[in-house]
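# Secondary and tertiary structure notes
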Amino acid sequence: MAEAEELCALQQPTGRILAEPVQNDGKDEGSSSRKRRVQRSLEGCSPKRRLPILSWIRRYDGEDALSDLIAGVTLGLTMIPQSIAYATLAGLPSQYGLYAAFMGSLVYVFCGTVREVSIGPTSLMSLLTLEYTAGRPVQYVIVLAFTSGLVELAMGAFRLGFLVCFISVPVTSAFTSATALIIIGAQLANLLGLPRGTDGGFFATVWNIFPRLRDTAVGDVSLGVGCIVTLLALQHLPRLVPAARNRRIHRLLWYVSLARNALVVVVSALLAHHLAGGGGAASVPFRLSGKVEPGIPAFEWPVRGVSVNGTTTTTFLEIVGELGSGLLLVPLVAVLANVAIAKAFASDGVVDATQELFALGLCNVLGACFRAMPTTGAFTRSAVSHASGVRTPLSGLYSALLTLLALGVLTPYFYYIPRATLAAVLIVAVASMLDLAIVRRLSRPPAALADLLAWTVCFAVCLVRGVEVGLLCGMAVSLLEPLRHWVVGQGRIAGATIQNPPHLAYRRVRPEVGLLYPGVDRLRTTVLTEARQHPDLPLVLDCERLVALDYSAVRTLRELADEVARVGGAPLLLHNVRPAWCRAMELHQTDQGYVFHRPEDAAQ
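Residues numbered from 1 in each chain as written. Predicted model: local features only at pLDDT ≥ 70, side-chain atom pairs only at ≥ 80, totals over all residues. Heavy atoms only, no water.

Looking at an unreviewed UniProt entry, one finds the protein chain named SLC26A/SulP transporter domain-containing protein, with Anopheles christyi as its source organism.

## Here's the deal with the overall build of the protein chain
The condition that has to hold: Helix and strand definitions here come from DSSP, where helices need a minimum of 4 consecutive H or I residues and strands a minimum of 2 consecutive E residues; each element is numbered from the N-terminal end. For each residue, the accessible area found with a 1.4 Å probe, counting protein chains only, is set against the maximum for its type, and the residue is called buried under 20%, exposed over 50%, and partly exposed in between. Throughout, a contact is declared for two residues whenever any of their heavy atoms are within 4.5 Å. All accessibility values rest on the Shrake-Rupley procedure with a 1.4 Å probe; residue burial counts only the protein chains present in the view.
Along the backbone of the protein chain there are 26 helices and 10 strands. Per-residue burial over the protein chain gives 49% buried out of 604 residues. Residue pairs in contact within the protein chain that sit at least 24 positions apart in sequence constitute 78% of those at least 6 positions apart. When the accessible surface of the protein chain is summed, it comes to about 28,700 Å², and 61% of that surface belongs to carbon and sulfur atoms.

## Details of the pairing of strand β7 (residues 539–542)
Stated precisely, the cut-off is as follows: Each pair of strands is called paired provided DSSP finds at least two bridges between the two strands.
Burial along β7 is two-sided: the residues Leu 539 and Leu 541 and Val 540 and Asp 542 are all buried. In this sheet, strand β8 (residues 572–575) lies alongside β7 in parallel orientation, the contact comprising 4 bridges. Bridge pairing links Asp 542 to His 575 in β8.

## Looking at a nonpolar patch on the surface
Condition: For patch building, the residue pool is restricted to those with more than 30% relative accessible area and no salt bridge; the joining distance is 9 Å between like charges and 5 Å between nonpolar side chains (Val, Leu, Ile, Met, Phe, Trp, Tyr). Salt bridges are defined as contacts in which a side-chain nitrogen from Lys or Arg sits within 4 Å of a carboxyl oxygen from Asp or Glu.
A contiguous nonpolar surface patch, about 390 Å² in accessible area, is contributed by Leu 66, Leu 69, Ile 70, Val 73 and Leu 77. On the basis of relative accessible area, Leu 69 is assigned to the partly exposed category, the value being 37%.

## With respect to empty space enclosed by the protein
To be explicit about the condition: Put plainly, a pocket is an open set of points on a 1 Å grid over the protein atoms alone with protein on both sides within 12 Å along at least five of seven lines, a cavity is a set where a 1.4 Å probe fits but cannot get out, and a lining residue has an atom within 4 Å of a point. Grid points are joined across faces, edges and corners, and a volume is the space filled by probe spheres set on the points. Note on residue categories: nonpolar means Ala, Val, Leu, Ile, Met, Phe, Trp, Tyr, Cys or Pro, charged means Asp, Glu, Lys or Arg, and polar means any other residue, Gly included.
For the structure shown, the criterion picks out 4 cavities of 30 Å³ or more. As for the largest cavity, its lining consists of 16 residues, of which Tyr 108, Val 117, Ser 118, Pro 393 and Gly 396 are closest to the centre. Sorting the residues of the lining of the largest cavity by element identifies α4 (62–89), α5 (94–111) and α17 (395–414) as the ones contributing at least two each. Looking at the lining of the largest cavity element by element, the count peaks at 4 residues for α5. Partitioned by chemical class, the residues of the lining of the largest cavity number 8 nonpolar, 7 polar and 1 charged.

## Focus on the packing of helix α6 (residues 123–133) against helix α14 (residues 326–345)
For the record, the criterion: Each axis is a line fitted through C-alpha atoms, and for a helix only the stretch in contact is used; angles between axes span 0 to 180 degrees, taken between their N-to-C directions. Geometric relationships in this document are graded by angle, where less than 35 degrees denotes roughly parallel, more than 145 denotes roughly antiparallel, 65 to 115 denotes roughly perpendicular, and other angles denote oblique.
Between α6 and α14, the shortest axis-to-axis distance is 10 Å and the interhelical angle comes to 175°. Classified by the interaxial angle, the pair formed by α6 and α14 is roughly antiparallel. Contacts from Met 125, Leu 128 and Tyr 132 of α6 reach α14 at Gly 326, Leu 329, Val 330, Val 333 and Ala 334. Residues of the contact of α6 with α14, tallied by class, amount to 7 nonpolar, 1 polar and no charged.

## Observations regarding the packing of aromatic side chains
Spelled out, the test is: Only rings of Phe, Tyr and Trp enter the pairing, Trp through its six-membered ring, and a pair is recorded when the two centres are within 6.5 Å. The plane angle decides the type: under 30 degrees is stacked, over 60 is edge-to-face, the rest tilted.
For the coordinates displayed, the defined rule picks out 11 aromatic pairs. Here the aromatic rings of Phe 146 and Phe 316 are separated by 6.4 Å at their centres, their planes lie at 75°, and the arrangement is edge-to-face. Of this pair, Phe 146 sits in helix α7 (residues 138–157) while Phe 316 is found in helix α13 (residues 316–323), placing the two residues 170 residues apart along the sequence. Judged on exposure class, the residue Phe 146 and its partner Phe 316 are both buried. Relative to Phe 370, the ring of Phe 299 lies with its centre 5.5 Å away and its plane at 70°, an arrangement referred to as edge-to-face. With Phe 299 in the loop between α12 (260–276) and β2 (306–308) and Phe 370 in the loop between α15 (353–368) and β4 (376–377), this residue pair connects regions lying 71 residues apart in the sequence. By the ring-pair criterion, three or more aromatic residues cluster together here, those being Phe 146, Phe 299, Trp 301, Phe 316 and Phe 370.

## Concerning the pattern of salt bridges
All told, the structure shown has 9 salt bridges when counted by the stated rule. Close ionic contact of Asp 435 with Arg 441 constitutes a salt bridge, the shortest N to O distance being 3.8 Å. Salt bridges sharing common partners tie together Arg 524, Arg 555, Glu 559 and Glu 563.

## Section: the packing of helix α10 (residues 218–235) against helix α18 (residues 419–430)
For the record, the criterion: For any pair of crossing helices, the crossing counts as left-handed if the nearer helix is rotated counterclockwise from the farther one by less than a right angle, and right-handed if it is rotated clockwise.
Contact geometry for α10 and α18: axes closest at 8 Å, N-to-C directions at 40°. The angle between α10 and α18 falls in the class oblique. Seen along the crossing, α10 lies across α18 with a hand that is right-handed. Residues Asp 220, Leu 223, Gly 224, Cys 227, Ile 228, Leu 231, Leu 232 and Gln 235 of α10 pack against Ala 420, Thr 421, Ala 424, Val 425, Ile 427 and Val 428 of α18. Its residues placed into classes, the contact of α10 with α18 shows 10 nonpolar, 3 polar and 1 charged.

## Description of the state of the cysteines
Put plainly, a disulfide is one covalent bond tying together the sulfur atoms of two cysteines. Threshold: When two cysteine sulfur atoms lie within 2.5 Å, the pair is treated as a disulfide.
Inspection of the entire model under this criterion finds 0 disulfides. Its sulfur unpaired, Cys 458 is 4.0 Å from the next cysteine sulfur, which belongs to Cys 462. Take Cys 458: its relative accessible area is 0%, and that puts it in the buried class. Here Cys 473 is not cross-linked by a disulfide; its sulfur's nearest cysteine counterpart is in Cys 458, at 8.2 Å. Residue Cys 473 is classed as partly exposed on the basis of its relative accessible area of 28%.

## Concerning α17
For clarity, the cut-off: Helix span, as expected, comes to 1.5 Å for every residue beyond the first. We define the bend at any residue as the angle between the axes fitted to the seven residues before and including it, ending there, and the seven starting there.
Compared with an ideal rise of 1.5 Å per residue, which puts 20 residues at 28 Å, α17 spans 25 Å between its outermost C-alpha atoms and falls more than 12% short. Helix geometry: α17 is bent most strongly at Gly 408, by close to 55°, with proline Pro 412 lying one to four residues after it. All buried positions along α17 are accounted for by Ser 395, Gly 396, Ser 399, Ala 400, Thr 403, Ala 406, Leu 407, Thr 411 and Phe 414. Here the buried face of α17 lies against α4 and α5.

## As for the side chain of Ser 289
Here is the rule we go by: Contacts described as polar in this section are N or O atom pairs within 3.5 Å, which, within protein, must combine one atom able to donate a hydrogen with one able to accept it, while residues neighboring in sequence count only if both atoms come from side chains.
Inspection of the secondary structure assignment puts Ser 289 in the loop between α12 and β2. Here the side chain of Ser 289 touches Ile 417 through a polar contact of 2.6 Å, landing on its backbone oxygen. Sequence-distant contacts of Ser 289, defined by excluding residues within four places in its chain, comprise Ser 94, Phe 414, Tyr 415, Ile 417, Pro 418, Arg 419 and Leu 422.

## Looking at the side chain of Ser 399
Among the secondary structure elements, Ser 399 is positioned in helix α17. Ignoring anything within four residues of it in the chain, the contact list for Ser 399 reads Gly 72, Leu 75, Gly 76 and Ser 105.

The following block contains the structure:
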């Protein structure tokens, strides 16, 4: 599996369906609703709710500790090389990816609710970070992580996790597929041993490589291609000995396959160190990563300015202004990934989305205080934890300690990691993101044409103008289909009889979904047409399937009742109206249904 699959699980709905009582007299409804809101607010602020570790740590035993140790070490061997590669993808020194991996793993131990979830740098976060901070000082990356965490905390406080429902599956697929191509295109230069070019979209990046192909370094190409082949071979290594034939050997090969990124990086670094010998980096036939700062930086609030060229100082607010739409898009994508991954691995299928938002927000806020890049949940690493038999979120502690060990002891050897190897790790990791087969499925029923259009628009715009614009355009196009059902709503028309009074015939109009201001004109036309065709029959507006009303719809219905009465003389009756709506619409109940209350009715 590839790291970039973290958004492929976003096909599951994250909203809630609330059941309304069939009958309600409406008394004390507002008071009880306020009491429920206050009670939920108090429960949401309890330490057990916001620090889930207080609940499960009491049941922690030795068997859990051993399982978490194995899972944590296995996860750490996967996380360290990936974090280095993702920092490189974001245009940062390698240590910034390790800072993010350390803080994300550590904070989630205390605040996380799903034991399998692994918080840290990902390919999507790296690409978005590069989009908004390319060519700028590192302080911009730290501020981006800090503000993203604040936005995620605010989303958790206001329970805005439902916003991810507005990103459909076709848009998610197009977004991840385009992201995979952009990442592969960005890593071609490192794979070929070429200097990094300008970042101007996928096509500009790839086109910029063609004139420089004559400068390709044979050493980088040979090493990069060899690493890709090795990674692919190790990925399928467990298939050589199925578990049914020999379970122990299969398990051993499975662990080797999980650690393939670490193995390839270590072997490449040892090869570079051997070739360097006494001649230094100049005697190595491929480019190296360079010096990496050891240790975790000191705590520092990321609200200070930054000096550019040693003269001009850019304040924190100016940095925030320059980040622009990244302040919303980066946390939105992070929430989208994290909540969906949590739902994919939750044992009972129920996820506290609000707590996950708080956990992710704290990971980014506290991580920014230690110079970390933006983070979110990673699907591949979460799958590794699940397959390793993780028992509790405490496994993240062992991953964090392993990352800290790498920062404190191994950083001198990170200098010898070839860039071509990191490019190979990234290319293989995101290769499975390409989901072009969905186009064939979207072209067949029951998929709608709007789904195929949304996928095409999102995919094309992401490659041409960038992932943030493409995601917004895809969301806008995907909303056309539900908007069409609200604006051009369908109304079923049928004839029926009422037994009391006996044999009284009427015509019934049943609006579908909801009745809001965009759809009231169509309903008016339908009702008046029916009233003119059958002027002697009462007309019934069945509100059984209505889920929403607004002021415009209420006012239009009142005017429509007068028009129906003028056209045919028979009143407009309303059936199956919610009690709360009856009060808001000032309806008067009769033997045949609800009618709009008039002052003359009271006089009579």
